[in-house]
Amino acid sequence: MLIDSHCHLEYKGVVEDQQGVLERARAAGVGGFLNISTRQSEWDQVICTAEREPDVWASVGIHPHEADAHADLGAAVLLEKTKSPKVIAIGETGLDYYYDKSDRDVQKALFRMHIGVARETGLPIIIHTRDAEEDTAAILTEEMGRGAFPALIHCFTASADFAKTVLDLGLTISISGIVTFKNAKELQEVAAEVPADRLLVETDSPFLAPVPNRGKTCEPAFVSDTAKFVAELRGISIEELADTTTRNFYALFTKAASP
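Residues numbered from 1 in each chain as written. Predicted model: local features only at pLDDT ≥ 70, side-chain atom pairs only at ≥ 80, totals over all residues. Heavy atoms only, no water.

Bringing the nonpolar core into the picture now. Leu-140, Phe-156 and Ile-175 are the most contacted members of the largest nonpolar core, which has 72 residues in total. If you tally residues by element for this core, the top one is helix α4 (residues 104–121), at seven residues. Those residues in contact with Ile-175 that sit more than four places away from it in its chain are Phe-156, Leu-187, Ala-191, Leu-199, Leu-200, Val-201, Glu-202, Thr-226 and Val-230. Among the nonpolar cores identified, the runner-up in size contains 13 residues, and Trp-57, Leu-152, Phe-249 and Leu-252 belong to it. (Core = buried A, V, L, I, M, F, W, Y, C linked by side-chain atoms within 4.5 Å. Buried < 20%, exposed > 50% of the residue type's maximum accessible area, 1.4 Å probe, protein only. Helix = DSSP H or I, 4+ residues; strand = E, 2+ residues; numbered from the N terminus. Contact = heavy atoms within 4.5 Å.)

Here is the structure:
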């Protein structure tokens, strides 16, 4: 069984046929889905979907692109939503300097706020970072020094040096379909070397469809293609990769394993 550790089931391209998308994924051997929110207006819907589907869980958080629109969001609002039994994660949040859709200082402040909620609740924080390795590493290092919290870098595309930094801090790394792209040589090297107990796979559906599905709307079913590719990179069977990443998912997202 595989778990898609990061998908957007409420996004255009998926939500119109959400039930069909889930059924196709289940038929492909996907037995769990973490439905990610990126803005406050999505929180109730991701929770609703998770409450309806036994194998779907939810996250609550603010993507760095949305930081300016949520600059005044307080931790109390986020904390309240984590009380739902199906909310097992904080995020996605982090820093994005590639598009710079929000003020960088606002991004940093919200990132730190999310970290505080992760620390207080014990729920893992799901981190998006793009062209912001230095600041992301600095904030994570500083905040870990104030008190540990569970965390992962989703859709990892950064350098091997950044991978070492976050692994040394105790984070998990999640690999998306980008790893199957021809120009992703450094990412492939990282994916081959991530410690077995720190590895997850994801689709980031409806984005980033892996080979051989490039050009299509990405669906959670496609996590199997990414998993097969990563298994080959690591010289193991797809069954071992599936068992390992599923075990890692439940070890990190401990609330998902709760009755």
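To continue, consider the side chain of Glu-53. By the element assignment, Glu-53 lies in the loop between α2 (43–52) and β3 (56–60). With a relative accessible area of 7%, Glu-53 lands in the buried category. One polar contact links Glu-53 to Gln-19, side chain to side chain, over a distance of 3.4 Å. Not counting residues up to four positions away in its chain, the partners in contact with Glu-53 are Gln-19, Leu-22, Arg-26 and Lys-86. (Polar contact = N/O pair within 3.5 Å; in protein donor to acceptor, adjacent residues only side chain to side chain.)

Another point: helix α6 (residues 160–168). Taken together, the buried positions of α6 are Phe-162, Ala-163, Val-166 and Leu-167. An end-on view of α6 places all buried positions within 130° of arc, on one side of the element. Across from the buried face of α6, at angles greater than 90 degrees, the exposed residues are Asp-161, Lys-164 and Asp-168. (Arc of directions from axis to C-beta.)

Here the focus is the packing of α4 against helix α5 (residues 133–146). How two helices sit against one another is set out by the angle between their axes and by the gap between those axes. Relative to each other, α4 and α5 sit at 35°, their axes nearing to 11 Å. Judged by the twist between their axes, the crossing of α4 over α5 is right-handed. Contacts between α4 and α5 involve Lys-108, Phe-111, Arg-112, Ile-115 and Arg-119 from the first element and Asp-135, Thr-136, Ile-139, Leu-140, Glu-142, Glu-143 and Arg-146 from the second. Here the contact of α4 with α5 is composed, by residue class, of four nonpolar, one polar and seven charged. (Axes fitted to C-alpha atoms, helices over the stretch in contact; angles between N-to-C directions. Left-handed = near helix turned anticlockwise from the far one by under 90°. Nonpolar A, V, L, I, M, F, W, Y, C, P; charged D, E, K, R; others polar.)

Counted by the stated rule, this structure contains seven aromatic pairs. Between Trp-57 and Phe-249, the aromatic rings sit 5.4 Å apart at their centres with planes inclined by 35°, giving tilted as the arrangement. One end of the pair, Trp-57, is in strand β3; the other, Phe-249, is in helix α9 (residues 238–252), with 192 residues separating them in the sequence. Look at Trp-57 and you get buried, because its relative accessible area is 7%. Between Phe-249 and Tyr-250 the ring centres are 5.6 Å apart and the planes differ by 90°, which places this aromatic pair in the edge-to-face class. Taking relative accessible area as the criterion, Phe-249 reaches 0% and is therefore assigned buried. The structure contains a cluster of three or more aromatic residues connected by ring pairs, namely Trp-57, Phe-249, Tyr-250 and Phe-253. (Phe/Tyr/Trp six-rings, centres within 6.5 Å; stacked < 30°, edge-to-face > 60°.)

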